[in-house]
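Working through the structure, step by step
Here is how the chains run, residue by residue.
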Amino acid sequence: MARLSQVFVPRDRVYFDLFEEAGGNIVRAADLLDQLLRAFPDRREELTRDILICEQDGDRITHDIIRRLNETFVTPIDREDIYALASGLDDVVDYTEEVADYLGLYQIEAPMEQAQRLAHVLLEASRQIAGAMPRLRNFDDISHYTVEVNRLENDGDRITREAVASLFHGGIDPMVVIRWKDIFERLENAIDATEQVANILEGIVIKNS
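Residues numbered from 1 in each chain as written. Predicted model: local features only at pLDDT ≥ 70, side-chain atom pairs only at ≥ 80, totals over all residues. Heavy atoms only, no water.

A few words on the packing of aromatic side chains. Geometrically, a pair of aromatic rings is defined through the distance of the ring centres and the angle of the planes. Scanning the model with the defined rule gives two aromatic pairs in all. With a centroid separation of 5.1 Å and 70 degrees between ring planes, the pair formed by tyrosine 102 and tyrosine 106 is classed as edge-to-face. Owing to a relative accessible area of 18%, tyrosine 102 belongs among the buried residues under this scheme. (Phe/Tyr/Trp six-rings, centres within 6.5 Å; stacked < 30°, edge-to-face > 60°. Buried < 20%, exposed > 50% of the residue type's maximum accessible area, 1.4 Å probe, protein only.)

Right, let's talk about the nonpolar core for a bit. Within the largest apolar cluster, 65 residues are counted, with the highest numbers of intra-cluster contacts made by Phe19, Leu33 and Leu136. For this core, the secondary-structure elements that each account for two or more residues are helix 1 (2-39), helix 2 (44-71), helix 3 (79-105), helix 4 (113-132), helix 5 (143-167) and helix 6 (174-208). Dropping the residues within four chain positions of it, leucine 136 is found in contact with Phe16, Phe19, Leu85, Leu201, Ile204 and Val205. (Core = buried A, V, L, I, M, F, W, Y, C linked by side-chain atoms within 4.5 Å. Helix = DSSP H or I, 4+ residues; strand = E, 2+ residues; numbered from the N terminus. Contact = heavy atoms within 4.5 Å.)

It is worth spelling out the side chain of glutamine 128 at this point. Locating glutamine 128 in the fold gives a position in helix 4. Beyond its immediate chain neighbours, meaning those up to four positions away, glutamine 128 contacts His144, Tyr145, Glu148, Val149 and Leu152.

This brings us to the packing of helix 2 against helix 3. Angle between the axes and distance between the axes: these two values describe a pair of packed helices. In the contact formed by helix 2 and helix 3, the axes pass within 9 Å of each other and the chain directions differ by 165 degrees. On the basis of their axis angle, the class for helix 2 and helix 3 is roughly antiparallel. For the element pair helix 2 and helix 3, the recorded crossing hand is left-handed. Residues that form the contact of helix 2 with helix 3 fall into these classes: 11 nonpolar, six polar and seven charged. (Axes fitted to C-alpha atoms, helices over the stretch in contact; angles between N-to-C directions. Parallel < 35°, antiparallel > 145°, perpendicular 65-115°, else oblique. Left-handed = near helix turned anticlockwise from the far one by under 90°. Nonpolar A, V, L, I, M, F, W, Y, C, P; charged D, E, K, R; others polar.)

What follows covers the confidence of the model for the chain. Summing up the model confidence of the chain, the mean pLDDT is 92 and the portion of residues at 70 or higher is 94%. The secondary-structure element of the chain with the lowest mean pLDDT is helix 1, recorded at 81, while helix 4 shows the highest, at 98. This model gives residues 1-11 a pLDDT under 50, and the stretch forms three contacts once residues within four places in sequence are excluded. (pLDDT = per-residue confidence, 0-100.)

Moving on to the pattern of salt bridges. For the coordinates displayed, the defined rule picks out 19 salt bridges. Two residues, aspartate 64 and arginine 67, come together in a salt bridge whose shortest N-O distance is 3.9 Å. Taken together, the residues aspartate 64 and arginine 67, both in helix 2 and three residues apart, mark about one turn of the helix. The class of arginine 67 is partly exposed, set by a relative accessible area of 37%. Across the salt bridge formed by arginine 186 and glutamate 98, the nearest N and O atoms sit 2.9 Å from each other. Placement of arginine 186 in helix 6 and of glutamate 98 in helix 3 is noted, with a sequence separation of 88 residues between them. (Salt bridge = Lys/Arg side-chain N within 4 Å of Asp/Glu carboxyl O.)

Right, let's talk about the environment of leucine 123 for a bit. With respect to the helices and strands, leucine 123 occurs in helix 4. When the C-alpha positions of leucine 123 and alanine 30 are compared, they lie 4.9 Å apart, and in sequence the two are 93 residues distant. In this view, leucine 123 contacts Val27, Ala30, Asp31 and Asp34; residues no more than four positions away in its chain are not counted.

All right, on to unusual backbone geometry then. Cis geometry is adopted by the peptide bond preceding proline 41, which originates at phenylalanine 40 and carries an omega value of 0 degrees. Looking at the secondary structure, you find proline 41 in the loop between helix 1 and helix 2. Phi at arginine 43 takes a positive value of approximately 60 degrees, unusual for a residue other than glycine. Structurally, the position occupied by arginine 43 is in the loop between helix 1 and helix 2. Note on arginine 43: relative accessible area 41%, which makes it partly exposed.

Here it is as structure tokens:
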């Protein structure tokens, strides 16, 4: 039996390594977006390219996790939870990259202040997710992190409502309204995705503690 456990432990640990790598990747992507919106349009091409690299890294990590799921008989947590967590983390980076992409596609000349605030909320929420991830190894309490992510998500909802409402005041060009509404929606989606990840993490810890 001891020999059997030795066979499975290394593979088990790899999942946690990959989840921690994914947690670090969402922080890097969110930090780059935060920088992009604060410095915009300076360094736009450089930062957008770096965010795209994060998105590609996220895809690689997700593919690694799914491949291991297909190859591994015994997993440290339920297979559906591994898949849900991997997908949720990937969603955060995908939406973050979409924001950066849309800023270029829509030829945005200057960022709205609410977009800068939302990017910072996303960064803070991503940091909470990354902070919680190492505690998954021993299924330690992560409520401090998940409560903070929920609070940040509520802040994001409020800022988004304010931002969308502001688009319909002051006679803004309808095309500008449409473009910024798309960008705000993707920022909100990225923040919502961090809350979804927090909920998945909380469920895993409760189920396994």
